[in-house]
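What follows is each chain in one-letter form.
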Amino acid sequence: MKLKILAFEKRKWYNKRDMKKILTYFKPYRWQSLLGPLFKLLEATFELLVPFVVAMIVDKGFGASVNGSYPFADKGYVVKMCLLLAAFGLVGLAFSVTAQYFSARAATGVSARVRSDLFKKLQTFSYKDIDGMGEATMLTRMTSDVDKMQTGINLFLRLLLRSPFIVFGALVCACIIDPTSFGVFGGTILVLAIVVYAVMFICMPLYKKTQARLDDVLLSTRENLSGARVLRAFCKEGDERELFEKRNEELTKEKKFVAGIAAITNPLTYVLVNIGIILLLWTGAIRVDNGLLSQGKVIALYNLMGQILIELIKLANLIVTVAKAAASAERIEAVLKMQSSLQLVEDEKREEDEFIVFDKVSVRYIEGAENALSDLSFSVKRGETVGVIGGTGSGKTTLVNLIPHFYDVSEGQVRVNGHDVRDCSVQEQLRTRVGMVPQKAKLFKGTIRENLLWGKEDATDEELMTAIKLAQAEEVVKEKGGLDAPVEQGGKNFSGGQKQRLTIARALVRNPEILVLDDSSSALDYATDAALRKGIRALNTTVFVVSQRTASVRDADKIIVLDEGKAVAIGTHEELLSSCEVYREIYVSQYGEIGEVSA
């Protein structure tokens, strides 16, 4: 067999700052990403012209000082210049709104595509990957992190070029008005740049740390909401409150610390710029007194310094926001670059009599840990029913999840119809042929019909009702009001047994070649369970029944008895009662003595 690994990589979390993956999402919005900053630059250009117009109004419109008074030299000129300022404002407003439109379009578009791909990426992960990452972490990535990234992109496109352009443009304009003021402007900008960069350098890793703390808070919240009944039954509310308070306090402490550092930016910026303004006015007043500079030019220089102050404050806030966005983007990038631990191979089909083959299969979830399954070998013919029984943690669910390739084997091979389940050419086709009824019954918000159509999208009402009857769920559907009866989130308006019967019906609608019932009748009474087993036996389907009850597996063609991940025996009910101590102990614990149990 020629084995070619197509998509297997040990999970990495990519701590280095590599945003290449995120940048690819800007491609469909490249024009918006260019036009947003461009219109902001046009707005900034008109803003830089305002101090020159103000200087002309003061120097030419009001005239020079005569005995301490400033008579109007040209009232018409002043009105004309004021109208010009108004025109600049209107044009600048138009450019600003246009820039905001393009920036927001790019930011929301990129974020929507990232969120969509995060969701798609989650669906490619193996159960092992999902267990390792955790639901709370993934939810934080898709909500808080994406929102922070969107805000950062929006501000980045609007201010990244505008603010530096205003700052350095004001410096150039100041040199044009009065070259001697270059030292004051240049020194102020240099000191402020050092302060802003230092704050960004300190805050960047701290924002990543606060997001990790947010994961913990979300985890506590999610566990308490989903497990509210269990918590109250065991009177653990106080313990959970203490744990939540601890995690919330840690998050608050981290946020206060980083916010305190970030908060230094604005006062420092104000102090430094105002020192620059004081120096500018002091030197300007001396030069005006000596006749080297006009009053209008001093006002223009003051306006330019004020523009620098405003833009540097904006830039400082932008740096903080972008630092948060970059930290969130790195966390998103880590998930997008994470490869599924599932192995995909190219494998030639084997000609063999058996439909399903487990060939010396071993499974371990973490490298170096003990095996969940060890050296498991058996075969199943098409149409056979296989029972899987064993104690808690013996590997029953792991075994059946290997058939549709939800977990990977660490050693050995699982083959279905002669194909390795890892074969990339048949994997999707394989999963459409398997009807899975998981250990925990799960219904989705909608209607009974919508939930059942997951099994087969184009199923008719007749097909749905056939599956419902076979799953012993006809009374449930009638009681709730028919196929269009509502299903609340998580199926909260159904009992455990009702949910189990409907999830079995959902799997049967598909008319699967392989049906996996993973302890899916645990909430059913014995009579309903027996009727269900009788109906399923009439199907031409290969069935795997995982159960704690010997009554649920006794009629199987073969029963696999697991103990600590090993198959201690494989045989029929009668064979195992006489030869397998583990199976016999399970049977006796349920019925008290060896004897026939009616179906």
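The rules we used
Residues numbered from 1 in each chain as written. Predicted model: local features only at pLDDT ≥ 70, side-chain atom pairs only at ≥ 80, totals over all residues. Heavy atoms only, no water. Helix = DSSP H or I, 4+ residues; strand = E, 2+ residues; numbered from the N terminus. Buried < 20%, exposed > 50% of the residue type's maximum accessible area, 1.4 Å probe, protein only. Contact = heavy atoms within 4.5 Å. Areas by Shrake-Rupley, 256 points an atom, 1.4 Å probe, with all protein chains shown as cover. Pairing = 2+ DSSP bridges. Salt bridge = Lys/Arg side-chain N within 4 Å of Asp/Glu carboxyl O. Axes fitted to C-alpha atoms, helices over the stretch in contact; angles between N-to-C directions. Phe/Tyr/Trp six-rings, centres within 6.5 Å; stacked < 30°, edge-to-face > 60°. Parallel < 35°, antiparallel > 145°, perpendicular 65-115°, else oblique. Left-handed = near helix turned anticlockwise from the far one by under 90°. Nonpolar A, V, L, I, M, F, W, Y, C, P; charged D, E, K, R; others polar. Core = buried A, V, L, I, M, F, W, Y, C linked by side-chain atoms within 4.5 Å. Patch = residues over 30% accessible without salt bridge, like charges linked within 9 Å, V, L, I, M, F, W, Y side chains within 5 Å. Lys, Arg positive; Asp, Glu negative; His and termini not counted. Charge placed at Lys NZ, Arg CZ, Asp CG, Glu CD. pLDDT = per-residue confidence, 0-100. Disulfide = S-S within 2.5 Å. Expected span 1.5 Å × (residues − 1). 1 Å grid on protein atoms, 1.4 Å probe; cavity = no way out; pocket = protein on both sides within 12 Å on 5 of 7 lines; lining within 4 Å. Points joined across faces, edges and corners; volume = space filled by probe spheres on them.

What the protein contains, in helices and strands, is 21 helices and 12 strands. Counting across all 599 residues of the protein, residues that qualify as buried make up 47%. Excluding contacts between residues fewer than 6 apart, the proportion of contacts in the protein whose partners are at least 24 apart in sequence is 76%. Total accessible area on the protein is roughly 30500 Å²; 58% of this is exposed by carbon and sulfur atoms.

Attention now moves to the pairing of strand β12 (residues 566-571). Here five bridges tie strand β11 (residues 558-563) to β12, and the two strands are oriented antiparallel to one another. Residue pairing in the sheet places Val561 in a bridge with Ala569 of β12. Connecting β11 to the next strand, β12, in antiparallel fashion are two residues, including Glu564 with a positive phi near 55°.

This part covers the pattern of salt bridges. Applying the stated rule across the entire model yields 20 salt bridges. Its salt-bridge partner being Arg162, residue Glu43 comes within 3.4 Å of it at the nearest N-O pair. One end of the pair, Glu43, is in helix α2 (residues 30-61); the other, Arg162, is in helix α6 (residues 162-177), and 119 residues separate them in sequence. Each of the two residues, Glu43 as well as Arg162, counts as buried.

In space, the six strands of this open sheet follow the order β6-β9-β10-β3-β11-β12, with mixed pairing throughout. Either end of the sheet is taken by a strand with one partner, and the two such strands are β6 (434-437) and β12. When the angles between neighbouring strand axes are averaged without regard to direction, this sheet yields 15°. Most of the contacts of helix α21 (residues 581-591) go to β11, to which it runs at about 95°, and overall it touches β3 (385-390), β11 and β12.

Further remarks concern the packing of aromatic side chains. This model, assessed by the stated rule, comprises seven aromatic pairs. Centre to centre, the rings of Phe39 and Phe95 are 5.8 Å apart; their planes meet at 50°, and the pair counts as tilted. Of this pair, Phe39 sits in helix α2 while Phe95 sits in helix α3 (residues 75-124), placing them 56 residues apart in sequence. Residue class for Phe95 comes out buried when judged on its relative accessible area of 18%. Site record: aromatic cluster; members linked through ring pairs are Phe39, Phe46, Phe88, Phe95, Tyr101 and Phe102.

This part is about the packing of helix α15 (residues 461-470) against helix α17 (residues 496-509). Their axes nearest at 8 Å, the elements α15 and α17 cross at an angle of 130°. Here α15 lies oblique to α17, going by the angle between them. The interaxial crossing formed by α15 with α17 has right-handed handedness. Judged by residue contacts, Leu464, Ala467, Ile468 and Leu470 of α15 engage Ala505, Leu508 and Val509 from α17. Considering only residue class, the contact of α15 with α17 consists of seven nonpolar, no polar and no charged.

In this section: the nonpolar core. Taken as a class, soluble globular proteins show a tendency for nonpolar side chains to be buried jointly. Counting residues in each nonpolar core, the largest one holds 42 residues, and the members touching the most others are Ile448, Leu452, Leu502, Leu515, Leu517, Ile559 and Tyr583. Considering every element that reaches this core, the biggest residue donor is α17, with six residues. Discounting residues that sit within four places of it in the chain, Leu502 has contacts with Leu443, Ile448, Leu452, Ala473, Val476, Val477 and Phe494. Leu159, Ala170, Val273 and Leu293 belong to the second-largest nonpolar core, a separate cluster that totals 33 residues.

Next up on the list: the packing of α6 against helix α11 (residues 295-337). Helix packing geometry: the angle between the two helix axes and the distance between the axes. Running from N to C, α6 and α11 point in directions that differ by 160°, and their axes come no closer than 9 Å. When the axis of α6 is compared with that of α11, the two are roughly antiparallel. Crossing hand, α6 versus α11: left-handed. Facing Arg162, Ser163, Ile166, Val167, Ala170, Cys173, Ala174 and Ile177 of α6, the residues of α11 in contact are Lys297, Ala300, Leu301, Leu304, Gln307, Ile308, Glu311, Leu312, Lys314 and Leu315. In terms of residue class, the contact of α6 with α11 is built from 12 nonpolar, two polar and four charged.

Next up on the list: a negative patch on the surface. A contiguous patch of negative charge on the surface is contributed by Glu370, Asp563, Glu564 and Glu585. By secondary structure assignment, the location of Asp563 is in strand β11.

Another point: the confidence of the model for the protein. Summary statistics for the protein give a mean pLDDT of 80 and a share of 89% for residues scoring 70 or more. This stretch, residues 1-17, has a pLDDT under 50; its non-local contacts, to residues over four places away or in other chains, come to 40 contacts. Across residues 64-68, confidence stays below pLDDT 50; counting only partners more than four residues off in sequence or on other chains, it has six contacts.

Hydrogen bonds between backbone atoms are what pair the strands of a sheet, whose relative direction is either parallel or antiparallel. If you trace the four strands from one edge of the open sheet to the other, you get β2-β1-β4-β5, paired in antiparallel fashion. Only two strands of the sheet have a single neighbouring strand rather than two, namely β2 (373-380) and β5 (419-420). Here strand β1 (residues 356-363) runs beside strand β4 (residues 411-416); their pairing, made up of five bridges, is antiparallel. Residue pairing in the sheet places Ile356 in a bridge with Val416 of β4.

In the structure shown here, the tally under the stated rule is zero disulfides. Here Cys175 is not cross-linked by a disulfide; its sulfur's nearest cysteine counterpart is in Cys173, at 9.3 Å.

Taking burial as the measure, the five residues of strand β10 (residues 542-546) include five buried ones, the bulk of the element. What you see with β10 is no split at all: Thr542, Phe544 and Val546 on one side and Val543 and Val545 on the other are buried throughout. By the bridge criterion, four bridges tie β3 to β10 in an arrangement that is parallel. Along β10, the bridge assignment pairs Thr385 with Val543. Direction of pairing for strand β9 (residues 514-518) relative to β10: parallel, over a ladder of five bridges. Bridged to Ile514 within β10 is Thr542.

Before going further, it helps to spend a moment on helix α18 (residues 526-537). Under the 1.5 Å per step criterion, the end-to-end length of α18 is 16 Å for 12 residues, consistent within 8% with the ideal 16 Å. Restricting attention to buried positions, one finds in α18 the residues Thr528, Asp529, Ala530, Leu532, Arg533, Gly535 and Ile536.

Moving on to empty space enclosed by the protein. One pass over the full model with this rule turns up four cavities of 30 Å³ or more. By volume, the largest cavity amounts to about 190 Å³. Forming the boundary of the largest cavity are 18 residues, of which Thr385, Leu517, Arg533, Val545 and Ser552 lie nearest the centre. The residue inventory of the lining of the largest cavity, partitioned by class, reads eight nonpolar, five polar and five charged.

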